[in-house]
Amino acid sequence: MHVSLRTKRSTRAAVALLAAGALMLTAAGCGGGDGDTVSGGPPPNTVKLPNLKGQKLQVTAVWTGTEQENFTKVLKEFEKRTGAKVSFVPSGDDMAGFVGSKIAGGAPPDVAMVGQVGVMREFAQKGWAKPLDAAAKAELAKNFSKGWQDLGSYQGKPYGVYFKASNKSLLWYNTSAFDYAGAKVPKTWPEFLEQAQLISDSGTDAVAIGGQDGWTLTDWFENVYLSQAGPEKYDQLAQHKIKWTDPSVKKALETLAELWGTKGLVAGGRGGALQTAFPDSVTKTFGNKAEPDAGMVFEADFVAANVADAGAELDKDAKVFPFPAVGKDAPVVTGGDVGVALKNSKAAQALLTFLASPDAATIWAQSGGFISANKNVKFSAYPNASMRKIAQALIAAGNDFRFDMSDQAPASFGGKPAQGEWKALQDFLKNPRNVEGIQRQLERDAAKAYKN
């Protein structure tokens with residue numbers, strides 16, 4: 001999930017929004033301003049698509065629940081415009097394993113929505129992914145900054161369309177819990193820990209963590225590391241040019257342990273967090289608006305959809321603030337899901353062309369829980385002030401962003417359940433005192449995956 005910008009293998013693969021973009025989010029928690037009316041209505045019709053009547057496509061992505069429902073709306077519009085029939089198959093968290101098994105069986109899906117740039121480039125390297133055709137490339141160039149185009153490329157050739165982007169440096173808070181505790185929005189890590197303790201002292205655990213899903217823990221680490229160690233070190237670690245035994249990694253883990261290892265700050269304790277899936281971490285924070293199990297939850301803009309699922313109202317029951325500055329600057333890490341064709345077909349390329357258009361992105365934007373790096377999507381398409389501010393910050397960053405570090409890594413290290421970084425950080429959540437042991441575990445797995 002998840003979103004990503006950095007440099008891996010050849011072209012650029014690092015992605016973190018400018019800290020200036022984060023400042024725009026401060027107002028997002030307040031609502032109002034920026035107008036709360038939504039454009040609504042039918043999506044724009046700006047892109048020409050071929051007649052595909054009688055053709056069938058299969059699309060796979062990690063999305064389930066509300067995300068799958070919203071993506072299905074996009075696919076339905078594509079069907080309406082082209083006459084094609086599109087089926088959706090959830091891949092599960094292990095996209096690389098799912099696609100690999102389908103290719104081995106001779107029946108890959110037509111299009112995959114890949115959440116890790118490292119996995120996308122592995123697909124291109126193996127010849128599984130097919131380069132974009134002229135129409136898809138033209139639509140991509142018209143609507144996306146060069147940074148996002150480069151991110152979807154391998155060895156200078158465009159393969160993918162970053163349809164769904166995410167700002168992964170956000171904390172969402174229950175306004176009732178904050179009001180009851182007398183807590184305030186923090187700007188720095190020490191302030192964050194102080195407010196977390198204040199919430200805990202009021203009788204509510206401070207932060208819900210979806211530790212059952214290892215990718216949430218990598219996002220925690222990346223935000224702390226980017227802010228504390230800085231962009232240069234971040235890029236070096238993302239490419240394994242420095243080891244996970246580096247002192248900068250030790251410092252970041254010790255900082256995380258200040259939260260993860262303090263009693264009362266993690267909802268349900270560390271053991272409970274390890275049994276909590278990401279959607280449930282949002283429910284713990286907003287499912288019972290007046291008496292929640294947690295005061296805050298950390299994750300990307302897609303939390304907005306889960307807030308709605310929990311029965312809470314964004315900008316009223318739920319508000320958002322940027323990840324606090326651990327070092328000099330507040331971090332903003334981004335991620336995204338990139339569409340790639342796994343078959344050389346007119347229909348697969350047409351779907352990627354559609355996904356590169358503002359037409360497709362507008363459909364999901366109106367439904368909520370989604371932001372787009374497409375610069376021609378109107379901000380009025382987003383359903384509330386919070387999402388508009390988040391989207392504006394993403395577009396304002398232009399080419400200056402950093403991508404989710406684990407998503408840049410080989411899948412065996414950064415993108416698979418129960419192994420690599422996901423497993424190591426789950427082990428660290430279980431025992432935050434074992435800093436050096438986890439560093440050795442991370443380095444051992446990274447060296448094997450990167451082969452350097």
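Just so it is clear, the structure is predicted and the values come from calculations on it, not from any experiment.

Cut-offs used in this document
- Residues numbered from 1 in each chain as written.
- Predicted model: local features only at pLDDT ≥ 70, side-chain atom pairs only at ≥ 80, totals over all residues.
- Heavy atoms only, no water.
- Axes fitted to C-alpha atoms, helices over the stretch in contact; angles between N-to-C directions.
- Helix = DSSP H or I, 4+ residues; strand = E, 2+ residues; numbered from the N terminus.
- Parallel < 35°, antiparallel > 145°, perpendicular 65-115°, else oblique.
- Left-handed = near helix turned anticlockwise from the far one by under 90°.
- Contact = heavy atoms within 4.5 Å.
- Nonpolar A, V, L, I, M, F, W, Y, C, P; charged D, E, K, R; others polar.
- Phe/Tyr/Trp six-rings, centres within 6.5 Å; stacked < 30°, edge-to-face > 60°.
- Buried < 20%, exposed > 50% of the residue type's maximum accessible area, 1.4 Å probe, protein only.
- Domains from an automatic or database assignment.
- Buried area = accessible area lost by both parts, 1.4 Å probe.
- Salt bridge = Lys/Arg side-chain N within 4 Å of Asp/Glu carboxyl O.
- Polar contact = N/O pair within 3.5 Å; in protein donor to acceptor, adjacent residues only side chain to side chain.

### Re the packing of helix α8 (residues 189-201) against helix α11 (residues 247-260)
Then comes step 1: Between α8 and α11, the shortest axis-to-axis distance is 10 Å and the interhelical angle comes to 15°. One element, α8, and the other, α11, form an angle in the roughly parallel class. Crossing angle aside, the handedness with which α8 passes α11 is left-handed. Here Trp189, Phe192 and Leu193 of α8 lie close against α11, whose contacting residues are Thr255, Glu258 and Leu259.
Then comes step 2: Tallied by class, the residues present in the contact of α8 with α11 amount to 4 nonpolar, 1 polar and 1 charged.

### Topic: the packing of aromatic side chains
Then comes step 1: Evaluated as defined, the whole model comprises 28 aromatic pairs.
Then comes step 2: Judged by centre distance (6.1 Å) and plane angle (35°), the ring pair of Phe71 and Trp364 falls under tilted. Within this pair, whereas Phe71 is found in helix α2 (residues 65-82), its partner Trp364 is found in helix α16 (residues 358-367), the two being separated by 293 residues in sequence. The same class applies to Phe71 as to Trp364, namely buried.
Then comes step 3: Aromatic pair Phe298 and Phe323: ring centres 5.5 Å apart, planes at 75°, arrangement edge-to-face. Of this pair, Phe298 sits in strand β9 (residues 294-298) while Phe323 sits in the loop between β10 (318-322) and β11 (333-341), placing them 25 residues apart in sequence.
Then comes step 4: Its relative accessible area of 3% is what places Phe298 among the buried residues.
Then comes step 5: Taking relative accessible area as the criterion, Phe323 reaches 1% and is therefore assigned buried.
Then comes step 6: Each residue in the set Trp63, Phe71, Phe88, Phe163, Trp364 and Phe370 is aromatic and connected to the rest through ring pairs, giving one cluster.

### What about the domain arrangement of the protein?
Frequently, the measure chosen for interface size is the accessible area that the parts lose on association.
Then comes step 1: What the domain assignment reports for the protein is domain 1 (56-167 + 335-403) and domain 2 (170-331 + 410-450).
Then comes step 2: The gap between the C-alpha centroids of domain 1 and domain 2 is 26 Å.
Then comes step 3: Across the boundary between the two partners, domain 1 contributes 23 residues, which contact 21 residues of domain 2.
Then comes step 4: Three residues, Asp93, Asn167 and Arg402, lead the burial of domain 1 against domain 2; their summed loss comes to 30% of the area buried on that side.
Then comes step 5: Where domain 1 touches domain 2, the interface holds 2 salt bridges.
Then comes step 6: Asp235 is paired through a salt bridge with Arg402; the nearest N and O atoms lie 2.7 Å apart.
Then comes step 7: Joining domain 1 to domain 2, the criterion identifies 7 residue pairs in polar contact (both at pLDDT 80 or more).
Then comes step 8: Listing elements by their share of the side of domain 1 that touches domain 2, those giving two or more residues are α2, α3 (95-104), α4 (117-126), β6 (160-167), α17 (385-396) and β12 (402-403).
Then comes step 9: Looking at side-chain class alone, the side of domain 1 that touches domain 2 contains 9 nonpolar, 8 polar and 6 charged residues.

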